[in-house]
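Observations on chain architecture
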Amino acid sequence: MQATLPPIPLTAVSKLAPYRDDEIKRRLDACPKLASLQTINRALRELMNSEQSQNSQIAEVIRRDPSLCARLLRMVNSVYFGNSNRISNIEEAVFFLGLRQIRELSTATPVIEEMQTMQPAKPGQSPLPWTELWRHSIGTAALTREILVSTGLTVDDDTDYLAGLLHNVGKVVMAYAFPDELRQIMVTPLRDPTEVCQMERQLIGWDHARMGAYYLGRHQLSDEITFAVLYHNEPNVAPRHQMFAAAVQVADYVVRHAGISGGFETVKPIAFDSWVLLDGWKILYGEHGRENSLARAHVANALQRLPSMLQGLL
């Protein structure tokens, strides 16, 4: 078990009483729903799941989405793929990237594009650091998938990727529903993600994990995704789908160690290998033995590749 942190001093809290549950739900219910979570490029997904599909057919569907086209070309021309000649042909880019990368891009792009519309700001306020949040979300999505693959868990769809991508969606709806509280959290130095959640609960009544899970519940996403979002900071208490929540927790810490913060809050740097002390790590790999050692090597390798994996995506 992780050590229990002492409560944040009340001097760091703007008011002593958090919001009532019904008020929190009322504000979250007023947040716009994301159509992309229910339709995520259905035509493209059907093509990629078909054994008869060809690169030319996939490229044709991608061409209909300018944002996806731009991200795909930026990614294939990044140093990660090491192409000496610049690629500008979508069909050629599909060949280089492969179906897995295309699926990830087609999953992340519409969600990010639509979430960018949920960014109200008062006159005179500086914009929130959304790009850092997207980088963190996409990095966590990629590592959640890699971590679950290393455990031998078979995931036939994009549930693993979406669990990582959406784990901080509660911060997006917090920016919409509780903007003043979010900005207070942003300027308060905190030790780690656990303390971030603690301050959120003291200011609002719910933390971003609970807000995100409630919000996603309105979109009727799978239990695996909703439970991963709800319990990604404490996977040990998840009643179901612990592996997904555990993988997201570990991925979140690894991405933070890489210098890609959670987006909004000010948290101390995460030490290398500190994720092996997490409940999520113990759920996934245990505390000792060969599997644990192999997992540490696997995560260290993924950590080295992470910056180049993200290059060109945003």
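The coordinates are above.
Residues numbered from 1 in each chain as written. Predicted model: local features only at pLDDT ≥ 70, side-chain atom pairs only at ≥ 80, totals over all residues. Heavy atoms only, no water.

Things to note about helix H4 (residues 55–63)
Where H4 is concerned, the buried positions are Ile58, Ala59, Val61 and Ile62. Across the axial projection of H4, the buried residues extend over an arc of 160 degrees, all falling on one side. (Buried < 20%, exposed > 50% of the residue type's maximum accessible area, 1.4 Å probe, protein only. Helix = DSSP H or I, 4+ residues; strand = E, 2+ residues; numbered from the N terminus. Arc of directions from axis to C-beta.)

Focus on the packing of aromatic side chains
Scanning the model with the defined rule gives seven aromatic pairs in all. Measuring from ring centre to ring centre gives 5.6 Å for Trp130 and Trp134, while their planes differ by 25 degrees; the resulting arrangement is stacked. Of this pair, Trp130 and Trp134 both sit in helix H7 (residues 130–151), four residues apart, which is roughly one turn of the helix. Judged by relative accessible area, which is 3%, Trp134 ranks as buried. For the pair Phe227 and Tyr231, a centre-to-centre distance of 5.9 Å together with 35 degrees between the ring planes defines the contact as tilted. For Phe227, a relative accessible area of 13% translates into the label buried. The structure contains a cluster of three or more aromatic residues connected by ring pairs, namely Trp130, Trp134 and Phe264. (Phe/Tyr/Trp six-rings, centres within 6.5 Å; stacked < 30°, edge-to-face > 60°.)

As for empty space enclosed by the protein
Applying the stated criterion across every chain yields a total of three cavities of 30 Å³ or more. By volume, the largest cavity amounts to about 60 Å³. Looking at the largest cavity, the residues that line it are Val111, Ile112, Met115, Leu133, Trp134, Ser137, Leu165, Leu166, Asn168, Val169 and Val172. Mapped onto the lining of the largest cavity, the elements with two or more residues apiece are helix H6 (90–115), H7 and helix H9 (169–177). (1 Å grid on protein atoms, 1.4 Å probe; cavity = no way out; pocket = protein on both sides within 12 Å on 5 of 7 lines; lining within 4 Å. Points joined across faces, edges and corners; volume = space filled by probe spheres on them.)

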